[in-house]
Amino acid sequence: MMLWTTALLLSPLLGILILTFLPRESKRLLQTVGVLVALVPLVLALLMYAQFDRDAEGMQFDGSVPWFAIPIPGGMGQGFVFEYTVGVDGLSMALILLTAIVSCVVALAAVHLAERVKAFLMLLFLLEAGLLGTFVSLNLLLFFLFFELVIVAMYFLISFWGFRERESAGIQFLLYNGIGSLILLLALIVLLLHTGTLDFLQLQSMLGNEQYRTMAGLGDPLRWGVLLAILAAFAVKLPVVPLHTWMIRVNQEAHPAVVMLESGLVLKIGGYGMMRLGVGLFPDLMASLGSLLAILGLVNLFYGGFLALVQQDLRRVLAYASVSHMGIVLLGLAAMNASGWQGVIFQLVSHGLLSPLLFYILLIIYLRTGTTRLDELGGLIRVMPVLSGVFLAAAMGYLGLPLMSGFVSEFLTFHGLFNRLPGFAAVGVLGMILTAAYLLRAMQGITFGPLIPRLQEGGVNDVRVLEFIPAIALLALVLLLGVIPSVLGDPLQNTLQSLLLRLGG
């Protein structure tokens, strides 16, 4: 069954190989091949989802083969042995599907690129391979290498496509995430030196055994140090205020198609890492961090919401909106129960669909009007009624309208938080009012009101059929998760139960 997982990992790399032999001048051919290649991981992910056993415990599509060993000079035994170990559970299955879907949508959006289409598609597939590898790796060295691959691919995507300050934004992204990677690497080295392994399942067993921890010298101070280092590394990626400034810069300067990848997929590594490594390896310590996580979540929620409310550029509105909505992920983690953690996964997936959808709409608006400033737009519903309708639906999903994915994620998160930290939950619910305020302000300023003179001159066409496909696909999935949440929720149950058992709940 490991063949499924390995095939999934290799499929984007096969796309890179195919694109290598295509002439870069054949834009239409490159775009067609790019979409066809992007469909391969999506088909494999859907087949894996169809075969996923919702009643089985532990990892599925898993396996392990020898990789390499590092001998210890003068030491006994084989030294440090590393294996290629992969597997999928409910948590990773959700994010694998999200990665394949958003990557396919971005491949479709590449039709709007004016130059370097071949390089963009190759970097897109490199990024997709890194993301998929991050979500299926059960060896933490392998996890770290894929984690780094994501950073490298994203840096070039940010720096090569976008607005005037894109290179500066790419450097800031690399600096922040590079420091996060260094912190994570140091934490993994400490674990390796004390346990002799970076196999995730072995580490779970070892760290869960108090007698072994004592023998290995893994006392509480050392465990706290490793956990806090892990959380700090993923706090950069999520991002948690005040480590968020790189994301605001990227959202403002990178090409909207690149931001679809960054906000829809790359940020999700932060939440995934906190769940997989934080809760998975140190459940008892994470349980005592509930109040701290809730405070950080409220800071993100209100800080991002208030700043989104006063922005004059739609790119910055959506950037701070992402900061605010990642606060919901932290609030769900703070709940330390099944409902809250299920809300975390739903929020990661829901935001992973809605944020790319909104940035795709932003891309179309920019291509038609040449601006994303709220004060330079107005009355778009008169010249672009279809796009305005999709924008309205996406905004409703983002603010948590019932029967849409945002409602499910917020309901589960706050239900779980009310059961453990009701005071924090009550404050957080009030903070959700800000979401309605900044989204309705942006939507009203862009779509309604008088048509600005520059647009009255004509030449602004509504969304075309080919452009409409990515938007309607993402919107349909938002509605599907809102109407039938069991599509995502059922595969999560056993994974969450196993985490709760480790937590003692």
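Quantities reported herein were computed from a predicted structural model and do not represent experimental measurements.

Caption draft 1: Examining the overall build of the chain more closely. Regarding its fold elements, the chain presents 24 helices and two strands. Relative to a compact globule of 505 residues, whose C-alpha radius of gyration would be 23 Å, the chain shows 22 Å and is just as compact. For the C-alpha atoms alone, the extent of the chain along its principal axes is close to 80 × 60 × 40 Å. In the chain, which comprises 505 residues, the share counted as buried stands at 60%. Long-range contacts, defined here as pairs at least 24 residues apart, represent 80% of the contacts in the chain between residues at least 6 apart. Carbon together with sulfur atoms contributes 68% to the accessible area of the chain, which is approximately 18,500 Å² in total. Of note, the chain has its 24 positive side-chain charges centred 9 Å away from the centre of its 26 negative side-chain charges.

Caption draft 2: Helix H19 (residues 405–420), seen in detail. Taking 1.5 Å per residue, 16 residues should reach 22 Å; H19 reaches 23 Å between its end C-alpha atoms and fits that length. Residues of H19 that are buried: Ser405, Gly406, Val408, Ser409, Glu410, Leu412, Thr413, Phe414, Gly416 and Leu417.

Caption draft 3: Looking closely at the packing of aromatic side chains. Here the structure, examined in full by the defined rule, presents 15 aromatic pairs. Both rings, one in Trp67 and one in Phe68, keep their centres 5.0 Å apart while their planes meet at 80°; by these two values the pair is edge-to-face. With relative accessibility at 35%, the residue Trp67 sits in the partly exposed group. Ring centres of Phe407 and Phe411 lie 6.1 Å apart, and the angle between their planes is 20°; on these two criteria the pair is classed as stacked. Here Phe407 and its partner Phe411 are both found in helix H19, four residues apart, which amounts to about one turn of the helix. Overall, the relative accessible area of 34% leaves Phe407 in the partly exposed class. Taken together, the ring pairs connect Phe120, Tyr155, Phe156, Phe160 and Trp161 into an aromatic cluster. Across from the ring centre of Tyr49, 4.8 Å away, lies the NZ or CZ of Arg54, which sits over that ring.

Caption draft 4: Here's a closer look at the pairing of strand S2 (residues 80–88). Counting buried residues in S2 gives seven out of nine residues, a clear majority hidden from the surface. Of the strand pairs in this sheet, strand S1 (residues 60–70) and S2 are connected by eight bridges, and their pairing is antiparallel. Bridge pairing links Ile70 to Phe80 in S2.

Caption draft 5: Geometry of the packing of helix H10 (residues 245–253) against helix H15 (residues 314–335). Running from N to C, H10 and H15 point in directions that differ by 145°, and their axes come no closer than 9 Å. Between H10 and H15 the crossing geometry is right-handed. Residue-level contacts link Met247, Ile248, Asn251 and Gln252 of H10 to Arg315, Arg316, Ala319, Tyr320, Ser322 and Val323 of H15. Classifying every residue of the contact of H10 with H15 by side-chain character gives five nonpolar, three polar and two charged.

Caption draft 6: Representation of the nonpolar core within the structure. Of all hydrophobic cores here, the largest spans 194 residues; its most connected members are Phe120, Leu184, Met275 and Trp341. Per element, the largest residue contribution to this core is 17 residues, and it comes from helix H16 (residues 338–369). Dropping the residues within four chain positions of it, Phe120 is found in contact with Val106, Ala110, Leu113, Leu157, Trp161, Ala257 and Val258.

Caption draft 7: How the structure looks around the packing of helix H1 (residues 2–20) against helix H2 (residues 27–51). At their nearest, the axes of H1 and H2 sit 10 Å apart, and the two run at 180° to each other. In this view, H1 runs roughly antiparallel relative to H2, as classed from their interaxial angle. Mapping the contact onto sequence places Trp4, Thr5, Ala7, Leu8, Ser11, Pro12, Gly15, Ile18 and Leu19 in H1 and Leu30, Val33, Val37, Val40, Pro41, Leu44, Ala45, Leu47, Met48 and Gln51 in H2. Of the residues that constitute the contact of H1 with H2, the class distribution is 15 nonpolar, four polar and no charged.

Caption draft 8: Representation of a nonpolar patch on the surface. On the surface, Leu14, Leu17, Ile18 and Phe21 cluster together to form a nonpolar patch covering roughly 430 Å² of accessible area. With respect to the secondary-structure elements, Leu17 resides in helix H1.

Caption draft 9: Representation of the environment of Trp161. Here Trp161 shows up in the loop between helix H5 (140–160) and helix H6 (166–195). Accessibility expressed as a relative area gives 3% for Trp161, which makes it buried. For Trp161 and Pro41, which are 120 residues apart along the polypeptide, the C-alpha to C-alpha distance reads 24 Å. Setting aside its immediate chain neighbours within four residues, Trp161 contacts Leu113, Glu115, Arg116, Ala119, Phe120, Leu123, Phe156, Arg166, Glu253, Ala254, His255 and Val258. At 3.3 Å, the side chain of Trp161 forms a polar contact with the backbone oxygen of Glu115.

Caption draft 10: View of the pattern of salt bridges. A full pass over the atoms with the stated rule returns 10 salt bridges. A salt bridge links Asp89 to Arg276; the nearest nitrogen and oxygen atoms lie 2.7 Å apart. Within this pair, whereas Asp89 is found in the loop between S2 and helix H3 (90–109), its partner Arg276 is found in helix H12 (residues 268–281), the two being separated by 187 residues in sequence. Side by side, Asp89 and Arg276 carry an identical accessibility label, which is buried. One salt bridge in this structure joins Arg464 and Glu467, with 3.3 Å as the shortest N-O distance. Within the structure, one salt-bridge network assembled from shared partners comprises Asp220, Arg223 and Asp284.

Caption draft 11: Unusual backbone geometry, seen in detail. The residue after Leu238, namely Pro239, is reached through a cis peptide bond having omega -5°. Mapping Pro239 onto the fold places it in the loop between helix H9 (220–237) and H10. The omega angle of the peptide bond from Val241 to Pro242 is 10°, so this bond is cis rather than trans. One can find Pro242 in the loop between H9 and H10. Even without being a glycine, Phe61 presents a positive backbone phi close to 50°. Position of Phe61 among the secondary structure elements: in strand S1.

Caption draft 12: Highlighting the environment of Ala107. Within the secondary structure, Ala107 is located in helix H3. For Ala107, a relative accessible area of 2% corresponds to the buried category. Linking Ala107 and Leu157, residues 50 residues apart in sequence, is a C-alpha distance of 13 Å.

Criteria and thresholds
Residues numbered from 1 in each chain as written. Predicted model: local features only at pLDDT ≥ 70, side-chain atom pairs only at ≥ 80, totals over all residues. Heavy atoms only, no water. Helix = DSSP H or I, 4+ residues; strand = E, 2+ residues; numbered from the N terminus. Rg over C-alpha atoms; globule rule 2.2 N^0.38 Å. Buried < 20%, exposed > 50% of the residue type's maximum accessible area, 1.4 Å probe, protein only. Contact = heavy atoms within 4.5 Å. Areas by Shrake-Rupley, 256 points an atom, 1.4 Å probe, with all protein chains shown as cover. Lys, Arg positive; Asp, Glu negative; His and termini not counted. Charge placed at Lys NZ, Arg CZ, Asp CG, Glu CD. Expected span 1.5 Å × (residues − 1). Phe/Tyr/Trp six-rings, centres within 6.5 Å; stacked < 30°, edge-to-face > 60°. Lys NZ or Arg CZ within 6 Å of the ring centre and 35° of its normal. Pairing = 2+ DSSP bridges. Axes fitted to C-alpha atoms, helices over the stretch in contact; angles between N-to-C directions. Left-handed = near helix turned anticlockwise from the far one by under 90°. Nonpolar A, V, L, I, M, F, W, Y, C, P; charged D, E, K, R; others polar. Core = buried A, V, L, I, M, F, W, Y, C linked by side-chain atoms within 4.5 Å. Parallel < 35°, antiparallel > 145°, perpendicular 65-115°, else oblique. Patch = residues over 30% accessible without salt bridge, like charges linked within 9 Å, V, L, I, M, F, W, Y side chains within 5 Å. Salt bridge = Lys/Arg side-chain N within 4 Å of Asp/Glu carboxyl O. Polar contact = N/O pair within 3.5 Å; in protein donor to acceptor, adjacent residues only side chain to side chain.

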